[in-house]
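# Chains, contacts and geometry: an overview
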Amino acid sequence: MRKFGFYPKLAARSLRLNGKFYLPYLLSGVVSAAMLYDILFLNMNRGVYAMKGANAVQGLLGFGALVVAIFSFALICYTNGFLMKRRQKELGLYNILGMEKRHMARLLLWETVYSALICILGGILVGILLSKLFLLLLCLVIQADVVFGFEVPAEALAYTAAAFGAIFLLNYLLNLLRLNRVKPIELLKGTESGEREPRTKWVLAALGLITMGAGYFLSIAVSDPLQAMMLFFIAVLLVIVGTYCLFTAGSIALLKALRKNKKYYYQTRHFTAISGMLHRMKRNAAGLATICILSTMVLITVSTTVCLYMGVNDILDQMYCRDVQTYVNHGAPEDLPKVKALYERKAAELGMEMKDFAALCFYAPATAYANNRTRIDPYLAQANGSDVVGDPNDGPMRVYVGCNLPADADASLFAASVEVGTRDLDLSSNWCFTDDCRAGRTDFWASLGGFFFIGLFLGALFLMAAVLIVYYKQISEGYEDARSFVIMQQVGMRSAEVKSSIRSQISLVFFLPLLAAACHTAGAFPMTRRILLLFGLSNTGLFVLCSGLTLLIFALVYYGIYRLTAREYYRIVRR
Amino acid sequence: MPLLEVKNLRKVYTTRLGGTGVEALKNVSFAVEAGEFVAIMGESGSGKTTLLNILAALDRPSGGRVLLNGEDMAGVRERDLTAFRRDNLGFVFQDFNLLDAFTVRDNIFLPLVLAGKAYEEMDRRLQPLAKALGIGDLLNKFPYELSGGQKQRTAVARALITRPAILLADEPTGALDSKASNSLLQNFEALNDQGQTILMVTHSVTAASHAKRTLFLRDGMIYHQLYRGQRTREEMFAEISNTLTVMTAESGEKSHA
């Protein structure tokens, strides 16, 4: 009689034995669970609720949580598929030794239970440990007061556990499906059967060129920021499709062309690299394209949010020049004295002293940027005593009145009473609005800080995914290539040549996606710059700097991963 | 001067913990003249593989010497060994060891590419070789499209394209059916007729009967040798079978004694 506990033990043992593959899998599971918990924690934290500008931040955090959950699902599915493929041989052996499929299903169930427990418990533990840090970080970036106390919201715990439980359950079902499809003899053979050389798919290559070109064209050609915002996702979609097509079809076409060039091809370094790449490009291309797109996502998300955050003072100066301000768009010069008088009356009523009083009419384009606010100081400087500034050809007339208040004065009370007052003024345009700029600034800091925070958070997640995919890709290829390198050493390849050939192959695999990602980021630059204009950020130099720095840091991290995986790969091949 | 000379070759494997060593080869001596086709027979454990590994410079002997063209292989420095092997020895393996990622042509070119030869030179060498081995039409195919015999002939072409002094074959017919085996062995004989020296390690009496000389290895020593001389293949086959029967019977008696 079999003792109870045979399968749990066997499952634990096989997890340990396959540690090299399972460790990164479990680690990434733990990290993504921790990230999900933390973002939920911030979303549900009472301290964050009480912050100024909390609404904007809460919305962003909710969105972020959704992205983290979906992304964790995709990531765990991908790595799980990889792991199952690697273990086919082992399962085939169990099958031949007399383990039926339902027994294997039980084995897999226990493995899934262990993995899920490790990821959920470990993730929540790490998440709880890091939650305070993230809270402080959030307070810092949105310039809110630090929230004291330590809480573990039960809802966040429940959501995290439920989400990851569902992810692992689904993976288990997928594994059962896989198990049902295979025959033992195939299980034993695993991945070793020879693969047909891919044919060049010209249609796909052309499609890739067209979609990619269209995406780039949209980015460059659309000049209106609002339109750019709307078309951005279409452009992203086009470029993603184009990237997949070009990586699958284009890479094969390119490699075949290289192979045709006999002088180039028949050199020790290129010979093995090109044929090896060509041989497995069919499976490789999708992985490379995914890495490329993830890298692009990291680069664009991080560079834009960092840039917005760095430029926040710039934006605020433009949007909120005074503590309280009133705009009349499409106004007329006769509106100016009315609003001026209103300000003076309200100041007297409320007993507040107005400072830096500014009032003038100017011609400026009506834009959607920064919610129709314009940097006022240049116009003030031109005013030189007159009430009307600018060239009527620039756009409609806008009337501006604004002032600063003493630090202890209640700006929102003043703004509210001005706002009410303007309704009875009988102005020449209905498009009149009054800002409480102190509150506006706080809100803006909160939402931009929220953006910044989410940008870095998701950037880290995408980066982790890219790292994981790269790692697994290299490891699996290492095992496939080990036999080839043994043969090549038998027919006379020196170990130094083995090393350099590996280096050339790996660096191609690594730096191709990075190069393409940098190219995409550059291609998206005109569009993202225009979208930043919507937020009132017009400092292109700053954006260039942020993008460049992000790319540099990303490339450094990427290079570190490259070194690590290359070493691992070499260790596998050298056996 | 013989092409290959093996003098008092010994190989002792010691376990890592130092205990008593296992003597895989005890005092093996023989010589191979240029243009010979020699088969080495023996049961598993007789020392065949060890001998071949030492001849291939993949392993170092514990005692004795191996001279190739009068040059002591022990004198070749470790980092020159790969090049030495590539330039002097051609290998054929039981399971072909072709690379799936390469076409037949590129598989054959591989050692030359590693040696840094120009494409024109490689192509010039390939043409007659491919014709002789009957794989001229297969050059653009991939290994998975070939039969076992075709794969092994490709492997032979790869071994010979460097124009090695000796072709070393390790159970070349081990994974082939009888028809493919025969055609490969005929290829070997034809190559040998053109002057190629061949040293083949095998289990198969059929394979050995194609050789001009057969050495029998038992328990790490040369037990006997047979020259084919003017005998037909059938006569040679019978002779080798008899020798094997006697050899096996003797070792049976020994173990009972």
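All chains use their own residue numbering, which begins from 1 and follows the written sequence. Each chain is given a letter, starting from A, and each ligand a number, starting from 1, according to the order in which they appear as written. With the structure being a predicted model, the display of local features is reserved for residues of pLDDT at least 70 and the display and counting of side-chain atom pairs for 80 or more, all residues being used for whole-chain, interface and lining totals. Hydrogen atoms and water are omitted, and side-chain values are computed over all heavy atoms in the structure.

## Concerning the overall build of chain B
Starting at the N terminus, helices and strands are each numbered in turn, a helix being any DSSP run of H or I of at least four residues and a strand any DSSP run of E of at least two. Along its length, chain B carries eight helices and 10 strands. Atoms considered for the radius of gyration are the C-alpha atoms alone. The globule rule reads 2.2 Å times the number of residues to the power 0.38. Against the globule reference of 18 Å for 257 residues, chain B gives a C-alpha radius of gyration of 19 Å, in line with a compact fold. The principal-axis extent of the C-alpha atoms belonging to chain B is close to 60 × 45 × 35 Å. Counting the 257 residues in chain B, one finds 53% classified as buried. The contacts in chain B between residues at least 6 apart in sequence include a share of 69% that link residues at least 24 apart. All accessible areas in this document rest on Shrake-Rupley with a 1.4 Å probe, and a residue is counted as covered only by the protein chains that are shown. Carbon and sulfur atoms make up 48% of the accessible area of chain B, which totals about 11,500 Å². Charged residues are defined here as Lys and Arg on the positive side and Asp and Glu on the negative side; His and the ends of the chain fall outside this count. Where a charge sits is defined by one atom per residue type, namely NZ (Lys), CZ (Arg), CG (Asp) or CD (Glu). Taking the average location of the 30 positive side-chain charges in chain B and that of its 30 negative ones, the two points are 3 Å from each other. Any residue under 20% of the maximum accessible area for its type is buried, any over 50% is exposed, and the rest in between are partly exposed; the area is computed with a 1.4 Å probe on protein chains only. Every residue pair with non-hydrogen atoms within 4.5 Å of one another is taken to be in contact.

## Details of the domain arrangement of chain A
A common way to report how large an interface is uses the accessible area buried once the components associate. For the domain bounds, the source is a domain assignment made automatically or taken from a database. Domains assigned within chain A are domain 1 (1-192) and domain 2 (320-441). Centre-to-centre, using C-alpha coordinates, domain 1 of chain A lies 54 Å away from domain 2 of chain A.

## Considerations on the sheet that holds strand 6 (residues 89-92) of chain B
Residues and elements named next belong to chain B. Spatially, the six strands line up as an open sheet ordered 6-7-8-3-9-10, and their pairing is mixed. Every interior strand has two partners, whereas the edge strands, strand 6 and strand 10 (221-227), have only one. Across the sheet, the axes of successive neighbouring strands diverge by a mean angle of 20°, strand direction being ignored. Two strands qualify as a pair provided DSSP detects at least 2 bridges between them. Pairing analysis gives five bridges linking strand 3 (residues 37-41) to strand 8 (residues 197-202), with the strands arranged parallel. Looking at the pairing, V38 lines up with L199 of strand 8. To define axes, lines are fitted to C-alpha atoms, for helices over the stretch in contact only, and angles between the resulting N-to-C directions are given on a 0 to 180 degree scale. In the packing of helix 2 (residues 81-88) onto the sheet, contacts are made with strand 6 and strand 7 (166-170), and the angle to strand 6 comes to roughly 80°.

## Here we look at the pairing of strand 5 (residues 432-436) of chain A
Within strand 5 of chain A, five of the five residues are buried, leaving the element largely enclosed by the surrounding structure. Burial along strand 5 of chain A is two-sided: the residues A:C432, A:T434 and A:D436 and A:F433 and A:D435 are all buried.

## Overview of helix 6 (residues 101-141) of chain A
Taking the largest bend as the criterion, helix 6 of chain A deviates by roughly 40°, centred on A:L130. Downstream of helix 6 of chain A by one or two residues, A:Q143 has phi in the positive range, about 55°. Two axes are fitted around each residue, one to the seven residues ending there and one to the seven starting there, and the angle between them is reported as the bend at that residue.

## Overview of unusual backbone geometry
Residue and element names in this part refer to chain B. One non-glycine residue, N27, adopts positive backbone phi at about 50°. Mapped onto the secondary structure, N27 falls in strand 2 (residues 22-32). Backbone geometry places R163, a non-glycine residue, at a positive phi of 55°. With respect to the helices and strands, the residue R163 is situated in the loop between helix 5 (148-160) and strand 7. A relative accessible area of 56% means that R163 is categorised as exposed.

## A word on the interface of chain A and chain B
Residue-level contacts link 26 residues of chain A with 27 residues of chain B. Here the quantity called buried area is the accessible surface, traced with a 1.4 Å probe, that two parts lose on coming together, added over both. Summed over both partners, the interface of chain A with chain B buries about 2,400 Å², with 61% contributed by carbon and sulfur atoms. Definition of a polar contact: a pair of N or O atoms within 3.5 Å, with one able to donate and the other able to accept a hydrogen when the atoms are protein atoms, and with sequence-neighbouring residues admitted only if both atoms are side-chain atoms. Taken together, chain A and chain B are joined by three residue pairs in polar contact (both at pLDDT 80 or more). When residues of the side of chain A that touches chain B are traced back to their parent elements, those giving at least two are helix 11 (262-265), helix 12 (268-310) and helix 17 (437-490) of chain A. Ranked by the residues each element gives to the side of chain A that touches chain B, the list is headed by helix 12 of chain A, at six residues. Taken together, the residues of the side of chain A that touches chain B break down into seven nonpolar, 10 polar and nine charged. When residues are grouped by polarity, Ala, Val, Leu, Ile, Met, Phe, Trp, Tyr, Cys and Pro land in nonpolar, Asp, Glu, Lys and Arg in charged, and all others, Gly among them, in polar.

## Some remarks on the packing of helix 17 of chain A against helix 19 (residues 540-574) of chain A
Residues and elements named next belong to chain A. At their nearest, the axes of helix 17 and helix 19 sit 9 Å apart, and the two run at 25° to each other. One way to sum up the angle between helix 17 and helix 19 is to call them roughly parallel. In this structure, helix 17 crosses over helix 19, and the sense of that crossing is right-handed. Across the interface between the two elements, L463, V467, V470, Y471, Q474, I475, E477, G478, Y479, D481, A482 and F485 of helix 17 pack against F554, V557, Y558, I561, T565, E568, Y569, I572 and V573 of helix 19. Residue composition of the contact of helix 17 with helix 19, by class: 15 nonpolar, three polar and three charged. In what follows, roughly perpendicular refers to angles from 65 to 115 degrees, roughly parallel to angles under 35, roughly antiparallel to angles over 145, and oblique to any angle outside these ranges. Left-handed describes a crossing in which the near helix is turned anticlockwise from the far one by less than a right angle; the clockwise case is right-handed.

## Focus: the side chain of A:R530
Residues and elements named next belong to chain A. Inspection of the secondary structure puts R530 in helix 18 (residues 495-534). No salt bridge is formed by the buried R530; its nearest oppositely charged neighbour, D224, is found at 8.4 Å. Polar side-chain contacts of R530 include one of 2.7 Å to the backbone oxygen of V222. When neighbours within four sequence positions are excluded, R530 is seen to be in contact with S219, I220, V222, S223, D224, P225 and A228. Any carboxyl oxygen of Asp or Glu that lies within 4 Å of a side-chain nitrogen of Lys or Arg is treated as forming a salt bridge with it.

## Description of the environment of A:A12
With respect to the helices and strands, A:A12 occurs in helix 1 (residues 6-17). For the pair A:A12 and A:S223, spaced 211 residues apart in sequence, the C-alpha to C-alpha distance is 59 Å.

## Comments concerning the pattern of salt bridges
Under the criterion given, the structure shown has 16 salt bridges over all chains. With its nearest N and O atoms 2.9 Å apart, the salt bridge here joins B:R125 to B:E121. Within this pair, B:R125 and its partner B:E121 are both found in helix 4 (residues 119-133), separated by four residues, close to a single helical turn. With a relative accessible area of 14%, B:R125 lands in the buried category. Across the pair B:E189 and B:R228 runs a salt bridge whose closest N-O atoms are separated by 3.4 Å. Of this pair, B:E189 sits in helix 6 (residues 178-193) while B:R228 sits in the loop between strand 10 and helix 8 (233-256), placing them 39 residues apart in sequence. According to the relative accessible area criterion, B:R228 is buried, its value standing at 17%. Ionic contacts of the salt-bridge type, sharing partners, join the residues A:D323, A:R438 and A:R441 into one network.

## What about the pairing of strand 6 of chain B?
Residue and element names in this part refer to chain B. Here strand 6 shows a buried face lined by L89 and F91 and a second buried face lined by G90 and V92. Strand direction decides the pairing type here: strand 6 and strand 7, joined by four bridges, are parallel. Directly across from F91, in strand 7, lies its bridge partner L168.

## Remarks on the packing of helix 6 of chain A against helix 17 of chain A
Residues and elements named next belong to chain A. Viewed as axis vectors pointing N to C, helix 6 and helix 17 meet at an angle of 135°, and their least axial separation amounts to 8 Å. Classified by the angle their axes make, helix 6 and helix 17 are oblique. Our pair here, helix 6 against helix 17, has a crossing hand that is right-handed. Residues F134, L137, L138 and V141 of helix 6 form the contact with helix 17, whose participating residues are W445, G449, F452, F453 and F457. Split by residue class, the contact of helix 6 with helix 17 holds eight nonpolar, one polar and no charged.

## A look at the environment of A:N261
Residues and elements named next belong to chain A. Along the chain, the position of N261 falls in the loop between helix 10 (225-260) and helix 11. Residue classification places N261 among the partly exposed positions, given a relative accessible area of 41%. In the structure, N261 is positioned 220 residues away from D481 in sequence and 24 Å away in space, judged by C-alpha atoms.

## Comments concerning a positive patch on the surface
Residue and element names in this part refer to chain A. For patch building, the residue pool is restricted to those with more than 30% relative accessible area and no salt bridge; the joining distance is 9 Å between like charges and 5 Å between nonpolar side chains (Val, Leu, Ile, Met, Phe, Trp, Tyr). Together, K499, R503, R563, R567 and R574 make up a region of like positive charge exposed at the surface. When residues of the positive patch are traced back to their parent elements, those giving at least two are helix 18 and helix 19. In terms of residue count, helix 19 provides more of the positive patch than any other element does, three residues in total. By the secondary structure assignment, R503 is in helix 18.

## Considerations on the nonpolar core
Residues belong to one nonpolar core when they are buried, are Ala, Val, Leu, Ile, Met, Phe, Trp, Tyr or Cys, and are joined through side-chain atoms within 4.5 Å. Core analysis: the biggest nonpolar cluster contains 170 residues, and A:L138, B:F188 and B:I240 have the highest contact counts within it. Those residues in contact with B:F188 that lie beyond four places of it in its chain are B:F37, B:V156, B:L167, B:A169, B:P172, B:I198 and B:M200. Counting 31 residues, the second-largest nonpolar core is a separate cluster that includes B:L25, B:L68, B:F93 and B:I166.

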